[in-house]
Amino acid sequence: MIDLRNIDAAEPFLEQLQGEDSGPITLINTFVVPEGEMQRVLDLWREDSFIMKAKRGFISAQLHRGLGDSNILTNVAVWESVSALRDAFSSEEFQSLLPQYPDGSYCYPHVVRKVAVEGICVA
């Protein structure tokens, strides 16, 4: 089963899901895959992504993999709102897939919003 870990103890992921709805958010979720289990994790991620893609408020997702022999995957998914992500994440259909991830898998999900920096990027 996958172990969900927090990248920021001051704002744990499950608490972030209780946050306010004030527009689009981005989920950045970095996975650490056990040695020899990359294809299995990719297959499971594909399955759970089809579930998420069908949920209200899903906008997009992109999976990234570390270079070389890296066992790191990072999913960047955009949602219409915190409540949409919360509802999708909490769904029985999605939760039923989490125990299928190989033991020793863990992930660091975190919800973020765009920030405008003058002369560099817009929010």
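The structure this text deals with has already been given above.
Think of each chain on its own: its residues are numbered from 1, step by step along the sequence as written. Local features are withheld for residues below a pLDDT of 70 in this predicted model, meaning they are given only at 70 or higher, and side-chain atom pairs are given and counted only at 80 or more; totals for whole chains, interfaces and linings count all residues. No hydrogens and no water enter the side-chain calculation; it runs on all heavy atoms of the structure.

K.L.:
Got a minute to help me understand the overall build of the protein chain in this structure?
P.N.:
Note on conventions: DSSP H or I runs of at least 4 residues are helices, E runs of at least 2 residues are strands, and numbering of each starts at the N terminus. Each helix and strand counted, the protein chain has 4 helices and 5 strands in total. Counting from the amino terminus, the protein chain carries its helices and strands in the arrangement β-α-β-α-β-β-α-α-β. Throughout, the radius of gyration refers to the C-alpha atoms, and the reference size of a globule is 2.2 Å times the residue count to the power 0.38. Taken against the 2.2 N^0.38 rule, which gives 14 Å for 123 residues, the C-alpha radius of gyration of the protein chain at 15 Å falls within 12% of a compact globule. Projected onto its principal axes, the C-alpha coordinates of the protein chain cover approximately 45 × 35 × 30 Å. For this analysis, residues touch if any pair of their heavy atoms sits within 4.5 Å. Put simply, 77% of the contacts in the protein chain that link residues at least 6 apart link residues at least 24 apart. Asp and Glu are treated as the negative residues and Lys and Arg as the positive ones, with His and the ends of the chain left uncounted. A charge is said to be at NZ when it belongs to Lys, at CZ for Arg, at CG for Asp and at CD for Glu. Charge centroids of the protein chain, computed over 10 positive and 18 negative side chains, lie 5 Å from each other.

K.L.:
Which parts of the structure should I look at to understand the packing of aromatic side chains?
P.N.:
By convention here, two paired aromatic rings are described through the distance between centres and the angle between planes. The criterion for an aromatic pair is that two Phe, Tyr or Trp rings (for Trp, the six-membered ring) have centres within 6.5 Å, with stacked assigned to planes under 30 degrees apart, edge-to-face to planes over 60 apart and tilted to the rest. In this structure the tally under the stated criterion is 5 aromatic pairs. Centroid distance Phe 58 to Trp 79: 5.4 Å. Interplanar angle 85°. Geometry classified as edge-to-face. With a gap of 21 residues between them, Phe 58 in strand β3 (residues 58-65) and Trp 79 in strand β4 (residues 72-79) connect regions that are remote in the sequence. Note on exposure labels: buried denotes an accessible area under 20% of the residue type's maximum, exposed denotes more than 50%, and partly exposed covers the range between, all computed with a 1.4 Å probe on protein chains only. The partly exposed category is assigned to Phe 58, whose relative accessible area is 21%. Centroid distance Phe 89 to Phe 94: 5.5 Å. Interplanar angle 50°. Geometry classified as tilted. Across the pair, Phe 94 and Phe 89 agree in class, each one buried. Among the aromatic residues, those joined into a cluster by ring pairs are Phe 13, Phe 89 and Phe 94. Between the NZ or CZ atom of Arg 5 and the centre of the ring of Tyr 106, over which it lies, the distance is 3.8 Å. Criterion for a charge above a ring: Arg CZ or Lys NZ at most 6 Å from the ring centre, at most 35 degrees from the ring normal.

K.L.:
Help me understand the side chain of Thr 74 in this model?
P.N.:
Mapping Thr 74 onto the fold places it in strand β4. A residue is classified by how much of its surface remains accessible, and Thr 74, at 18% relative accessible area, is buried. In this structure the side chain of Thr 74 is engaged in a polar contact, spanning 3.1 Å, whose partner is the side chain of Thr 30. Non-local contacts of Thr 74, meaning those with residues more than four positions away in its chain, are made with Ile 28, Asn 29, Thr 30, Gln 62, Leu 63 and His 64. Residues adjacent in sequence count toward polar contacts only when both atoms are side-chain atoms; beyond that, a polar contact is any pair of N or O atoms within 3.5 Å, and within protein one must be able to donate a hydrogen and the other to accept it.

K.L.:
Explanation requested: a nonpolar patch on the surface in the structure shown.
P.N.:
Together, Val 115, Val 117 and Ile 120 make up an exposed nonpolar region whose accessible area comes to about 310 Å². Examined against the element boundaries, Val 117 turns out to sit in the segment after β5 (106-112). Residue class for Val 117 comes out partly exposed when judged on its relative accessible area of 41%. Patch membership requires over 30% relative accessible area and the absence of a salt bridge. Like charges are linked within 9 Å, and nonpolar side chains (Val, Leu, Ile, Met, Phe, Trp, Tyr) within 5 Å. Note on areas: these come from Shrake-Rupley sampling with a 1.4 Å probe, and a residue is covered only by the protein chains present in the view. Any Lys or Arg side-chain nitrogen located within 4 Å of an Asp or Glu carboxyl oxygen qualifies as a salt bridge.

K.L.:
Could you clarify how one ought to interpret the pairing of β3 in this entry?
P.N.:
On any regular strand, side chains alternate: one points to one face of the sheet, the next to the other face. By the convention used here, strands pair only if DSSP detects at least 2 bridges between them. With 7 bridges joining them, β3 and β4 adopt antiparallel strand pairing. Note that in β4 the partner of Leu 63 across the bridge is Asn 75.

K.L.:
Got a minute to help me understand the nonpolar core in this structure?
P.N.:
The tendency in soluble globular proteins is for nonpolar side chains to be buried side by side. Only buried residues count toward a nonpolar core. Its members are Ala, Val, Leu, Ile, Met, Phe, Trp, Tyr and Cys residues joined through side-chain atoms within 4.5 Å. Counting 27 residues, the largest nonpolar core has Met 52, Trp 79, Leu 85 and Tyr 101 as its most contacted members. Of all the secondary-structure elements, those providing two or more residues to this core are β2 (25-32), α2 (38-53), β4, α3 (82-90) and β5. Broken down by element, the residue count for this core peaks at 6 residues, all from α2. When neighbours within four sequence positions are excluded, Met 52 is seen to be in contact with Phe 58, Trp 79, Leu 85, Ala 88, Phe 89 and Phe 94.

Remember that the coordinates give geometry; whether it matters functionally is a separate question.
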